[in-house]
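Reading the structure
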Amino acid sequence: MTEITIRPFVEADADSVISMILAIQRDEFSVPITADAQPDLRVIPDFYQTGDGQFWVAEHNGEIVGTLGLKDIGERQAALRKMFVLEAMRGPQHNIARQLLDALLLHANARQLRDIFLGTTEHFLAAHRFYEKNGFVEIGREKLPRSFAVMAVDSKFYHRHIQA
């Protein structure tokens, strides 16, 4: 298994995070989106690392190969956002998505969060399987809390209740 470090985002990661996410969105999945359409990426500490939120990166040999954000949306609830892993680093041989999710769930339990919600696009089929395999249940948009910010590309939504 490859040596991967999961750690909180620091300001020095900003350019690498933006480049990696945009490459996956635009080049791999042909999602027509820009960095300007995702202003949260330019202010990760202010957007994610407040309240009960956090933003993690997965690092391999000094390169950021994965990301995961948790946005505090109030009422002991949070939104999972920006879960991305470079294509070459996906799969059970690296286990990066699982390690990122484990960090998020450990954090959510420590912060006594009750619910995690997420929105995704129809394009990310492997992500749908991953979320479902890890306890997320697909829900309709109408089941989202009002404080959940729906992104323009979101067309599928998931929920996971956190056990106390």
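See the structure printed just above.
Residues numbered from 1 in each chain as written. Predicted model: local features only at pLDDT ≥ 70, side-chain atom pairs only at ≥ 80, totals over all residues. Heavy atoms only, no water.

**As for the environment of Asp-36**
By the secondary structure assignment, Asp-36 is in the loop between helix H1 (14-28) and helix H2 (44-47). On the accessibility criterion, Asp-36 (65% relative accessible area) is exposed. Put simply, Asp-36 and Ala-108 are 72 residues apart on the chain and 29 Å apart in space, counted from C-alpha to C-alpha. (Helix = DSSP H or I, 4+ residues; strand = E, 2+ residues; numbered from the N terminus. Buried < 20%, exposed > 50% of the residue type's maximum accessible area, 1.4 Å probe, protein only.)

**Notes on the packing of aromatic side chains**
For the structure on display, the rule yields nine aromatic pairs. On the basis of an interplanar angle of 65° and a centroid distance of 5.9 Å, the ring pair of Phe-130 and Tyr-131 is categorised as edge-to-face. Between Phe-148 and Phe-157, the ring centres sit 6.4 Å apart and the planes meet at 85°, which makes this aromatic pair edge-to-face. By relative accessible area, which is 7% here, Phe-148 ends up buried. One aromatic cluster is present, built from ring pairs that chain together Phe-9, Phe-47, Tyr-48 and Phe-55. The cationic tip of Lys-71 hangs over the ring face of Phe-47; the distance from NZ or CZ to the ring centre is 4.3 Å. (Phe/Tyr/Trp six-rings, centres within 6.5 Å; stacked < 30°, edge-to-face > 60°. Lys NZ or Arg CZ within 6 Å of the ring centre and 35° of its normal.)

**Quick look at the pattern of salt bridges**
Per the stated rule, a full pass over the model turns up 10 salt bridges. Residues Arg-7 and Glu-59 are paired through a salt bridge, measuring 3.3 Å at the closest nitrogen-oxygen approach. Note that Arg-7 is positioned in strand E1 (residues 5-8) and Glu-59 in strand E2 (residues 54-60), a separation of 52 residues in sequence. Residue Glu-59 is classed as partly exposed on the basis of its relative accessible area of 21%. In this structure, the salt-bridge partner of Glu-138 is Lys-156, at a minimum N-O distance of 3.1 Å. Of this pair, Glu-138 sits in strand E6 (residues 137-139) while Lys-156 sits in strand E7 (residues 156-161), and the two are 18 residues apart along the sequence. Exposure remark for Glu-138: the relative accessible area of 43% places this residue in the partly exposed category. Three or more residues joined by partner-sharing salt bridges are found here, namely Arg-7, Asp-13 and Glu-59. (Salt bridge = Lys/Arg side-chain N within 4 Å of Asp/Glu carboxyl O.)

**Section: the layout of surface pockets**
Considered as a void within the structure, the largest pocket measures approximately 990 Å³ in volume. Looking at the largest pocket, it is lined by 42 residues, and the ones nearest its centre are Met-83, Phe-84, Phe-124, Ala-127 and Tyr-131. Elements represented by at least two residues in the lining of the largest pocket include exactly H1, strand E4 (77-85), helix H3 (96-110), strand E5 (115-120) and helix H4 (125-133). The element best represented in the lining of the largest pocket is H4, accounting for seven residues. A class-by-class count of the residues in the lining of the largest pocket yields 26 nonpolar, nine polar and seven charged. (1 Å grid on protein atoms, 1.4 Å probe; cavity = no way out; pocket = protein on both sides within 12 Å on 5 of 7 lines; lining within 4 Å. Points joined across faces, edges and corners; volume = space filled by probe spheres on them. Nonpolar A, V, L, I, M, F, W, Y, C, P; charged D, E, K, R; others polar.)

**Overview of the nonpolar core**
Generally speaking, nonpolar side chains in soluble globular proteins are found buried as a group. Grouped together as the largest cluster of nonpolar side chains are 26 residues, with contacts concentrated most on Leu-80, Leu-104 and Ile-116. Mapped by element, the contributors of at least two residues to this core are E2, strand E3 (63-74), E4, H3, E5 and H4. Looking at this core, the element that brings in the most residues is H3, giving seven residues. Residues in contact with Leu-104, not counting those within four places in the same chain, are Trp-56, Leu-68, Gly-69, Leu-70, Leu-80 and Ile-116. Listed in part, the 17 residues of the second largest apolar core include Ile-18, Leu-22, Ile-44 and Ile-64. (Core = buried A, V, L, I, M, F, W, Y, C linked by side-chain atoms within 4.5 Å. Contact = heavy atoms within 4.5 Å.)

**Concerning unusual backbone geometry**
At Asn-61, a position not held by glycine, the phi torsion is positive, near 50°. For Asn-61, the location among the structural elements is in the loop between E2 and E3. Its identity is not glycine, yet Gln-112 carries a phi of approximately 55°, on the positive side. Tracing the chain through its elements places Gln-112 in the loop between H3 and E5. Residue classification places Gln-112 among the exposed positions, given a relative accessible area of 60%.

Keep in mind these values describe shape, not function.
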